[in-house]
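Single-letter residue listing:
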Amino acid sequence: MAKYVLWGEYCEDVLEKRAPYRQAHLDGLAAQKAAGTLVTIGPTQDLKLVFGIYEAENEAIVRELVEGDPYWQNGIWTNYEIHPWIQAL
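Within each chain, residues carry numbers counting from 1 in the order of the written sequence. Per-residue local features of the predicted model are confined to residues with pLDDT of at least 70, and side-chain atom pairs are confined, for both listing and counting, to 80 or more; whole-chain, interface and lining totals are unaffected and use all residues. Only heavy atoms go into the side-chain values, all of them from the structure, while hydrogens and water stay out.

Describing the pairing of strand β3 (residues 49-56)
Spelled out, the test is: One bridge is not enough; two strands pair if DSSP finds at least two bridges between them. Per the convention used, a helix needs a DSSP run of H or I reaching at least four residues, while a strand needs a run of E reaching at least two, with both numbered from the N terminus.
Sheet topology note: the strand β1 (residues 2-10)/β3 ladder contains eight bridges and is antiparallel. Opposite Val5, over in β3, you have Ile53 as the bridge partner. With five bridges joining them, strand β2 (residues 38-43) and β3 adopt antiparallel strand pairing. Its bridge partner lying in β3, Thr40 is registered against Ile53.

Rendered as structure tokens:
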């Protein structure tokens with residue numbers, strides 16, 4: 001299965017703005033992790049960027065997961081990039 005790296009940006013005042021969507025966001029990520037699609041995800045310490053690693057058949061699946069996330073749908077993530085990744089070790 002192919003691996004993909006996600007880099008995205010958070011909106012301004014993310015801690016306040018994410019509150020209504022946080023539980024749904026976390027529940028969705030937990031389901032992705034349980035399914036084996038999401039390897040890891042989290043914010044940078046300054047809460048400016050999000051980083052994630054996915055395993056999926058293709059990039060379209062990863063984009064669908066990102067764009068179906070409440071953080072994307074409600075403007076908490078303001079943009080993102082997905083890059084195919086070759087894991088060396």
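Re the nonpolar core
Within soluble globular proteins, side chains that are nonpolar tend to cluster in buried spots. Selection rule: By convention a nonpolar core is built from buried Ala, Val, Leu, Ile, Met, Phe, Trp, Tyr and Cys residues, the set being connected through side-chain atoms within 4.5 Å. Think of it in three bands: residues with accessible area under 20% of the maximum for their type are buried, residues over 50% are exposed, and the middle band is partly exposed, with areas taken using a 1.4 Å probe on protein chains only. Working rule for contacts: check all heavy atoms of both residues, and any pair within 4.5 Å makes them a contact.
Leu6, Tyr10, Val62 and Val66 are the most contacted members of the largest nonpolar core, which totals 17 residues. Elements with a contribution of two residues or more to this core: β1, β3, α3 (59-67) and β4 (77-85). For Leu6, the residues in contact, after removing those within four places along its chain, are Ile41, Val50, Phe51, Gly52, Tyr54, Val66, Tyr80, Glu81 and Ile82.

Thoughts on the environment of Gly8
Structurally, Gly8 can be placed in strand β1. Spatially, the C-alpha atom of Gly8 lies 9.8 Å from that of Trp72, the residues being 64 residues apart in sequence. Setting aside anything within four residues of it in sequence, one finds Gly8 in contact with Lys48, Leu49, Val50, Asn79 and Tyr80.

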